[in-house]
Amino acid sequence: MNKICFLFLAMLVIPAAYIQAADDGFGDSNTITGEHFTIDYKTGVDINALAKKLIISDTDQQLSNLKVDTSSPEKELASKIEILFNRASDVLDMHVYSLSGHIKIFADFNQLQDFYHQLFKGDLPCTGFSFYLPQYDSIYISAVNFRREILGHEMGHAIMSRYFVVQPSIKIQEVLAGYVEYQLRKSKE
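Source: prediction; values computed, not measured.

A. A look at the overall build of the protein. A count of helical and extended segments in the protein gives seven helices and five strands. What you see in the protein, going N to C, is helices and strands ordered as α-β-β-α-α-α-β-α-β-β-α-α. By element, 57% of the accessible surface of the protein is carried by carbon and sulfur atoms, the whole surface being about 10,700 Å².

In structure tokens, the structure reads:
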């Protein structure tokens, strides 16, 4: 009986350990932990500048029922990302309360492009501002393109990857993520 219990427990724990050990190759970084996203950023990324660059309006705060925490640049950035996540969820009308992902920030566009090339042996498609990889639950973006509408677009992908059991086509996902981006762009003030 003990061997069966041990085997069953091992089957539950070992796969979880492998999932946690999955490494995307992002490498050494600094970390800020938020409610739904862990923010990993490379050396050379100015967190204070990112927090100021991520515009969250009073309306965003009211609609999400959350406030920006200005007690430190790290808490400010984490709280702004949480508000943005709530806004993206509201725009899509898809609420995934258990989402726990990563936002990985490169110092510049070249680092992001090199990382993409390392993973896929090709150039960043389309605009190349950012991308989301569901297998790592991670959004990848450069500090240069760290804006609410771009981050919201990728959050839309993260939400959809967790919300749908059967994933919609890539075209439909892009339309929905583009809709989040559009709504966040037009409601900046």
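B. Geometry of the nonpolar core. The biggest cluster of nonpolar side chains holds 39 residues, and the ones touching the most others in it are Leu77, Ile81, Ile103, Ile105, Phe146, Leu151 and Met155. Elements with a minimum of two residues in this core: strand 2 (37-41), helix 2 (47-53), helix 4 (73-92), strand 3 (101-106), strand 5 (138-142), helix 6 (148-163) and helix 7 (170-186). Beyond its immediate sequence surroundings of up to four residues, Met155 is in contact with Phe37, Ile81, Leu84, Phe85, Ala88, Ile103 and Ile139.

C. Fine view of the packing of aromatic side chains. According to the stated counting rule, one finds nine aromatic pairs in the structure shown. Where Phe26 meets Phe106, the ring centres are 5.0 Å apart and the plane angle is 70°; that geometry is what we call edge-to-face. Pair noted here: Phe26 is in the loop between helix 1 (2-21) and strand 1 (30-33) and Phe106 is in strand 3, with a separation of 80 residues, a long-range link. A single burial state applies to Phe26 and to Phe106, both of which are buried. Between the aromatic rings of Tyr163 and Phe164, the centroid separation amounts to 5.3 Å while the plane-to-plane angle is 90°, which identifies the pairing as edge-to-face. The class for Phe164 is partly exposed, based on a relative accessible area of 26%. Positioned over the ring face of Phe26 is Lys42, at 4.4 Å from the centre of the ring. In this arrangement the basic side chain of Arg147 is found over the ring face of Phe129, its NZ or CZ atom lying 5.7 Å from the centre.

D. Structural context of the packing of helix 6 against helix 7. Running from N to C, helix 6 and helix 7 cross one another at 145°; their axes reach a closest spacing of 8 Å. With respect to the hand of their crossing, helix 6 and helix 7 are arranged in right-handed fashion. Contacts from Arg148, Glu149, Gly152, His153, His157 and Met160 of helix 6 reach helix 7 at Gln173, Glu174, Leu176, Ala177, Gly178, Val180, Glu181, Leu184 and Arg185.

E. Representation of the pattern of salt bridges within the structure. Tallied over the full model, the rule gives eight salt bridges. Arg185 is paired through a salt bridge with Glu181; the nearest N and O atoms lie 3.2 Å apart. Note that Arg185 and Glu181 are positioned in helix 7 at a spacing of four residues, about one turn of the helix. According to the relative accessible area criterion, Arg185 is partly exposed, its value standing at 42%. Each of the salt bridges in this network shares a partner with another, and the network as a whole consists of Lys52, Glu76 and Lys80.

F. Broad picture of the confidence of the model for the protein. Mean pLDDT over the protein stands at 87; residues scoring 70 or higher make up 86%. Within the protein, the element-level pLDDT minimum falls on helix 1, averaging 37, and the maximum on helix 4, averaging 98. Throughout residues 1-21 the model reports pLDDT below 50, and contacts reaching past four residues in sequence, or to other chains, amount to one contact.

G. Summary view of empty space enclosed by the protein. Applying the stated criterion to the full structure yields one cavity of 30 Å³ or more. The volume enclosed by the largest cavity comes to roughly 30 Å³. Lining the largest cavity, in full, are Phe37, Leu99, Gly101, Tyr132, Asp137, Ala158, Ser161 and Arg162. Of the residues assigned to the lining of the largest cavity, the class counts are four nonpolar, two polar and two charged.

Cut-off values and rules
Residues numbered from 1 in each chain as written. Predicted model: local features only at pLDDT ≥ 70, side-chain atom pairs only at ≥ 80, totals over all residues. Heavy atoms only, no water. Helix = DSSP H or I, 4+ residues; strand = E, 2+ residues; numbered from the N terminus. Areas by Shrake-Rupley, 256 points an atom, 1.4 Å probe, with all protein chains shown as cover. Core = buried A, V, L, I, M, F, W, Y, C linked by side-chain atoms within 4.5 Å. Buried < 20%, exposed > 50% of the residue type's maximum accessible area, 1.4 Å probe, protein only. Contact = heavy atoms within 4.5 Å. Phe/Tyr/Trp six-rings, centres within 6.5 Å; stacked < 30°, edge-to-face > 60°. Lys NZ or Arg CZ within 6 Å of the ring centre and 35° of its normal. Axes fitted to C-alpha atoms, helices over the stretch in contact; angles between N-to-C directions. Left-handed = near helix turned anticlockwise from the far one by under 90°. Salt bridge = Lys/Arg side-chain N within 4 Å of Asp/Glu carboxyl O. pLDDT = per-residue confidence, 0-100. 1 Å grid on protein atoms, 1.4 Å probe; cavity = no way out; pocket = protein on both sides within 12 Å on 5 of 7 lines; lining within 4 Å. Points joined across faces, edges and corners; volume = space filled by probe spheres on them. Nonpolar A, V, L, I, M, F, W, Y, C, P; charged D, E, K, R; others polar.

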